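Listed below are the residues making up each chain.
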Amino acid sequence: MRYFIVDDDRASRAMLTQIIEDSQLGTVIGEASNGQEAITQILVMQPDFVIIDLLMPILDGLATIEQLRENLYDGKFIMISQVINKEMVAQAYEKGIEFFIHKPINKVEVEMVLRKTEEQYRLKSSISAIRQSLSNFETPSIHHSKKSTRDHVLSILNDMGIIGEVGSEDITKIIELLMADKQKNTPLPPLKELYERVAGLTKTTPDEIIKESKSIEQRIRRTILAAMINLANLGLVDYTNSEFEYYAPRYFEFTEIRKLMNQIRNNEERKVKINIKKFIQVLFADIVNKAN
């Protein structure tokens, strides 16, 4: 399990990290001292669980959870607080937290709660997988229908855990354009041209297209970084994971994935080189193969 800790007390963050790692409950992939600082990191890293303090400066726990849900984060929340107020606790459960841990932090209580949430998480995942399998048996005709380019792209982006990222739609449109070009046997155009063509789908004036193409590049860059972080986390948990083994060395510079794994392991700032051209080229090649 991958955890992210949000608490304005550094000692509490350190204690929770130690309990999680010593008890082999999972990996702490990041931490923040307040909700505002945490939101972007959580949306990018997509941890399985967020352990969050109720009362914090700038943005408290409840407001942070609300903003994360609005941004479609669907991980689990475990709340910690030294305040025992029935109304606040009830409000926290209404926001969707799984459990409440009371401060001062008790090792036994933390272990018990985290093991229980992990069991529930795995059970729900198993049920979801079973339902998917049954659905496949019930509708065999789906396998015989021809999938669109968009279906193939979204399937790959879903494997990398970035289907919900804002840049995923830009990537999908670029591949759709390239597949259309393939029918004309034209070579792959420069990235700048692809950005401008995608921008031209919604913008009209030259200035608008240039501005939007720059935004597209930044959205795609952030989305690819999110994919790299997700795969690096998979590699840390299980180096033989099928998604990690397939996507990490093909779509990215593997030295950068290894660097990212070390940064996550050492809780350092995420700084890696992002090769957009390689990602698009490999994705396009995979879609061509799937289409054939």
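Residues numbered from 1 in each chain as written. Predicted model: local features only at pLDDT ≥ 70, side-chain atom pairs only at ≥ 80, totals over all residues. Heavy atoms only, no water.

Per an unreviewed UniProt entry, the protein goes by the name Two-component system response regulator YcbB and belongs to Ureibacillus thermosphaericus.

(A) Structural detail: the overall build of the protein. Scanning the protein from N- to C-terminus turns up 12 helices and five strands. Per-residue burial over the protein gives 43% buried out of 292 residues. Considering only intrachain contacts with a sequence separation of at least 6, the fraction spanning at least 24 residues in the protein is 65%. Looking at the protein as shown, the accessible area adds up to about 15,800 Å², and 51% of this sits on carbon and sulfur atoms. (Helix = DSSP H or I, 4+ residues; strand = E, 2+ residues; numbered from the N terminus. Buried < 20%, exposed > 50% of the residue type's maximum accessible area, 1.4 Å probe, protein only. Contact = heavy atoms within 4.5 Å. Areas by Shrake-Rupley, 256 points an atom, 1.4 Å probe, with all protein chains shown as cover.)

(B) Region of the structure containing the pattern of salt bridges. If you walk through the whole model with that rule in mind, you get 14 salt bridges. Between Asp7 and Lys103 there is a salt bridge, with the nearest N and O atoms lying 2.9 Å from each other. Highlighted residues: Asp7 in the loop between β1 (2–6) and α1 (10–22) and Lys103 in the loop between β5 (97–102) and α5 (107–138), separated in sequence by 96 residues. Glu212 serves as the salt-bridge partner of Arg219, at 2.9 Å between the closest nitrogen and oxygen. (Salt bridge = Lys/Arg side-chain N within 4 Å of Asp/Glu carboxyl O.)

(C) Spatial organisation of the pairing of β1. The element β1 is largely enclosed, with a buried count of five among its five residues. Covered by surrounding structure in β1 are Arg2, Phe4 and Val6 together with Tyr3 and Ile5, the residues of both alternating faces. Inspection of the sheet shows β1 paired to strand β2 (residues 27–32) by five bridges, in the parallel sense. Within β2, the position partnered with Ile5 by the bridge is Glu31. (Pairing = 2+ DSSP bridges.)

(D) Fine view of unusual backbone geometry. In this chain, Lys103 is followed by Pro104 through a cis amide linkage whose omega measures 0°. Of note in the backbone geometry, Gln46 takes a positive phi value of approximately 50° without being a glycine. Mapped onto the elements of the fold, Gln46 is located in the loop between α2 (35–45) and β3 (49–53). By relative accessible area, Gln46 is classed as partly exposed at 21%. Positive phi is not limited to glycine here, since Ile58 has a value of about 70°.

(E) View of the UniProt feature "modified residue: 4-aspartylphosphate" (unreviewed entry) in the protein. The UniProt feature table records "modified residue: 4-aspartylphosphate" (unreviewed entry) at Asp53. Here Asp53 falls in the buried class, since its relative accessible area comes to 5%. Setting aside residues up to four positions removed in sequence, Asp53 forms contacts with Val6, Asp7, Asp8, Gly61, Met79, Ile80, Ser81 and Lys103. (UniProt positions renumbered as here; feature names shortened; annotations may be inferred.)

(F) Spatial organisation of the packing of aromatic side chains. For the structure shown, the criterion picks out eight aromatic pairs. By way of ring pairs, the aromatic residues Tyr246, Tyr247, Tyr251, Phe252 and Phe279 are connected into one cluster. (Phe/Tyr/Trp six-rings, centres within 6.5 Å; stacked < 30°, edge-to-face > 60°.)

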